[in-house]
Amino acid sequence: MVTLNINGTEHVLDVDPRMPLLWALRDRLDLVGTKFGCGRAQCGACTVHIDGEAARSCSIRVGDAVGKSITTIEGVTGKVAQAVQKAWQDIDVVQCGYCQSGQIMSAIVLLAAKPAPTDADIDSALAGNVCRCGTYVRIRKAIHQAARELA
Amino acid sequence: MRKHRPLRPSVNPSGWLALLAVALVVALLLVSRDASSAPPTSRANGLSAFGTIAIVVTNPRCLNCHQADRPLQGDDRHAHIPRVERGPDNLGAVGMRCTGCHSLHANNDSSDVPGAPNWSLAPLSMLWQGLSPGALCQALKDPARNGKRNGAALMEHMGKDKLVGWGWNPGQGRAPVPVPRSELVKAMKTWVAAGMPCPDEVVMNLPSDAAGALGKEPWSH
């Protein structure tokens, strides 16, 4: 048995500790806001927060997440998250939307650490989040807007 | 904005390293052909042993993370995908930390992302990118560039460090270091006992831009 703290709640799961965290989130706990993209930590669709850092849940083994605080898109809260959500809506960032949960999770980590990020900071922090619709320009604009809102 | 590095059209970086490795082994064999009759602590024996060490430390499993700005990946030494940066603590930039994907315990058999204790880009002081085997030898024995290690500490590091050990258990899709770890330890003992000689006489500097070529970026087409 494995105990995971997800969005502030302890979940006891009967799973192999080597199971990818994403499998546990989506298939065992029905937290399907976190997406499966590549399964190889190449695309960022599965990004969650582990102890406040962005992590690719397809590549984090459940056993490695025990004792840590896991936050998914369903559970992310606070003024940074709210500013990001508002900016995303104002600018209408989303196109197909599949990658956006991961984009938003990475954007929140960036803004929490760097309240006034440069374009280079955004490129560095979101380099692992791929968007096949090419919404990168709007993502960057939304992060800058959220930063102004938080200033 | 990202700097786009021009591709080198005519030089295969893996080819350079293979050529260097062969040249080094041949040169060291010539230097040490009488090594069998020489005392174990002789310079010839030491140089011969360094030939074995050089095969290990120039292997992608070691060299891929002894890079300047960002690690390389794979047996073909391509730039790390996704793009990552060294960051202030050798563990990545904000939002793209090493542990966001890499386990500190083991390789991930599902995603094939490698992992091991102390997973990290080597510190800049231990930069091996673009060094010839002779220059790498000098770097290896210089306490200012090897993590303040003397010969005994170097042997300990090569023989017991868990991140070094990952080189022999790199997970699916990556070739392990071709020299058994026990052979590396044996070679280290011989090299240290011989006073850690370096093949200064073997002049094999890489072309000045070969180091850059090793980091060919797949997105810079």
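Residues numbered from 1 in each chain as written. Chains lettered and ligands numbered in written order. Predicted model: local features only at pLDDT ≥ 70, side-chain atom pairs only at ≥ 80, totals over all residues.

> Could you give an account of the nonpolar core, naming the residues involved and the relevant values?
Grouped together as the largest cluster of nonpolar side chains are 53 residues, with contacts concentrated most on Val84, Ile108, Leu111 and Ile143 of chain A. Per-element accounting of this core gives the leading share, seven residues, to helix H4 (residues 100–113) of chain A. When residues of this core are assigned to domains, at least three fall in each of domain 1 (2–71) and domain 2 (79–150) of chain A. Discounting residues that sit within four places of it in the chain, Val84 of chain A has contacts with Ile104, Ala107, Ile108, Leu111 and Ala146 of chain A. Counting residues in each nonpolar core, the second largest holds 23 residues, with Val56, Leu140, Leu184 and Met188 of chain B among its members. (Core = buried A, V, L, I, M, F, W, Y, C linked by C-beta atoms within 7 Å. Buried ≥ 20, exposed ≤ 12 C-beta atoms within 10 Å, placed from the backbone. Helix = DSSP H or I, 4+ residues; strand = E, 2+ residues; numbered from the N terminus. Domains from an automatic or database assignment. Contact = placed C-beta atoms within 7 Å.)

> Help me get a handle on the confidence of the model for chain B, residues and values and all.
All names here are of chain B. Of the residues in chain B, 73% reach a pLDDT of 70 or more, and the chain-wide mean stands at 82. The element-level mean pLDDT for chain B is lowest in helix H8 (residues 210–214), coming to 40, with strand E4 (residues 96–97) highest at 98. When the criterion is pLDDT under 50, residues 1–11 qualifies, and its contacts beyond four places in sequence or with other chains add up to 12 contacts. Low pLDDT, under 50, characterises residues 201–221; the stretch is placed with 43 contacts to residues that sit more than four places away or in other chains. For this predicted complex, the interface score ipTM comes out at 0.95, while the overall pTM is 0.84. (pLDDT = per-residue confidence, 0-100.)

> Tell me about the interface of chain A and chain B, and please be specific about residues and values.
On the side of chain B, 20 residues touch chain A, which itself brings 25 residues to the contact. Mapped by element, the contributors of at least two residues to the side of chain A that touches chain B are strand E4 (53–56), H4 and helix H5 (119–125) of chain A. Here the side of chain A that touches chain B is built from residues that sort into 11 nonpolar, six polar and eight charged. (Nonpolar A, V, L, I, M, F, W, Y, C, P; charged D, E, K, R; others polar.)

> Explain the packing of H4 of chain A against helix H6 (residues 136–150) of chain A residue by residue, including any values.
Residue and element names in this part refer to chain A. Running from amino to carboxyl end, H4 crosses H6 at an angle of 40°, the nearest separation of the two axes being 11 Å. Relative to H6, H4 is oriented oblique. Along this stretch, H4 crosses H6, giving a crossing that reads as right-handed. For the pair H4 and H6, the contacting residues are Gln103, Ala107, Leu110 and Leu111 in the first and Ile139, Ile143, Ala146, Ala147 and Leu150 in the second. Of the residues contributing to the contact of H4 with H6, the split by class is eight nonpolar, one polar and no charged. (Axes fitted to C-alpha atoms, helices over the stretch in contact; angles between N-to-C directions. Parallel < 35°, antiparallel > 145°, perpendicular 65-115°, else oblique. Left-handed = near helix turned anticlockwise from the far one by under 90°.)

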